[in-house]
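An overview of the molecular structure
So the chains spell out like this:
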Amino acid sequence: MKIATYNVNGINGHLSIVLRWLEESKPDVACLQELKAPNEKFPLEAIEGAGYKAIWHGQKSWNGVAILTRGLDIQEVGRVLPGDPEDLHSRYIEALVNGIHIGCLYLPNGNPYPGPKFDYKLQWFERLNLHAEALMKAGTPTILTGDYNVMPQEIDVYKPERWGNDALFRPESREAFHKLIGQGWTDAIRKLYPDEVIYTFWDYFRNAYERNAGLRIDHFLLSPNVDKRLKAAGVDRNVRGWEKSSDHAPVWIEIAD
DNA sequence: ATGCCGTGGAAACCACGA
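My aim in this report is to walk through the structure given alongside it, one point at a time. (Residues numbered from 1 in each chain as written. Chains lettered and ligands numbered in written order. Predicted model: local features only at pLDDT ≥ 70, side-chain atom pairs only at ≥ 80, totals over all residues. Heavy atoms only, no water.)

1. Points about the nonpolar core
Rule in force here: Among buried residues, the Ala, Val, Leu, Ile, Met, Phe, Trp, Tyr and Cys ones that are joined through side-chain atoms within 4.5 Å form a nonpolar core. Working definition: with a 1.4 Å probe on protein chains only, accessible area under 20% of the residue-type maximum means buried, over 50% means exposed, and in between means partly exposed. Think of it this way: any DSSP run of H or I at least four residues long counts as a helix, any run of E at least two long counts as a strand, and we number them from the N terminus. The contact criterion used throughout is that any non-hydrogen atoms of two residues lie within 4.5 Å.
Counting 28 residues, the largest nonpolar core has Ile67 and Ile253 as its most contacted members. Counting residues per element, the ones that place at least two in this core are strand 2 (29–33), strand 4 (65–69), strand 6 (92–97), strand 7 (100–106), helix 5 (188–192), strand 12 (218–222), strand 13 (230–235) and strand 14 (251–255). No other element matches strand 7, which puts 4 residues into this core. Leave out the neighbours within four places in its chain, and Ile67 touches Val29, Ala30, Cys31, Lys53, Ala54, Ile55, Ile74, Ile93, Glu94, Ala95, Ile102 and Cys104. One finds Tyr6, Ile11, Leu22 and Trp252 within the second-largest nonpolar core, a separate group that totals 22 residues.

Okay, here's the thing in structure tokens:
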């Protein structure tokens, strides 16, 4: 079973890219972030035409998340991250697929640091950690994947010395991620490739992709009972090189059925 | 060190992203 995550940076603006990627990569499950579209503008016909069912939680202009499945039933179990009824951003959706609990998340960027956006990021992270702990304790096989907007280690940053005061690399953000990992989650890419430089995002300008000036911010976190089924993981790096693509590349894992 | 590019929506610029 192949599961992927992809920050599409506008599901309609990049629809042809997303469809081409689905066709070529053929994930059984695809978690999408940054739809940048309200619910009624989700391109369901095109997604169904590609052979996928979908659940989604959109929002006008910003955010928005979706989970797609190919040939598998999908049961939505939540579309908000618990803990703050005043938070109206569409950044989380959760489903049961094939007996696996899948959380698709778009963690706040948090820049500029310091400021209210950074505070919101840390609060959201705290809520995620609480929810993740509950999922872990429930014991269901669980995958928490998406755009975490955090580079966990220096190896995950093109020039770490330049990112010290950025919300994506602040000690507080990295500490929150490491605290989450400390609950027992496995960072799938890092487990299989402990010492490799692997990026999932390249800026649009300064030829960042051509220079490989990237960041690793899209992650797969696996509960122990999914981790033991992990067979492979990777980044569809070439997709980032397609003309008019998102600034992120898709990330995927393969687990035993 | 930097939003230099790109999307979306509203308004002919601005918010936001990482």
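So much for the structure itself; the text now carries on.
2. Some words on the pairing of strand 7
Using the following cut-off: Note on pairing: DSSP must find at least two bridges between two strands before they are called paired. With strands facing away from the observer, any crossover in which the path from the first strand over the helix to the second runs clockwise is taken as right-handed.
The buried fraction of strand 7 is high, at 7 of 7 residues. Here 6 bridges tie strand 6 to strand 7, and the two strands are oriented antiparallel to one another. Residue pairing for strand 7: Val97 is matched across the bridge by Ile100. Hairpin connection of strand 6 to strand 7: 2 residues between the antiparallel strands, including Asn98 at a positive phi of 55°. Pairing between strand 7 and strand 8 (residues 142–147): 6 bridges, direction parallel. Counterpart to His101 in the pairing with strand 8 is Thr142. In this fold, strand 7 hands off to helix 3 (residues 116–138), which returns the chain to strand 8; that crossover is right-handed.

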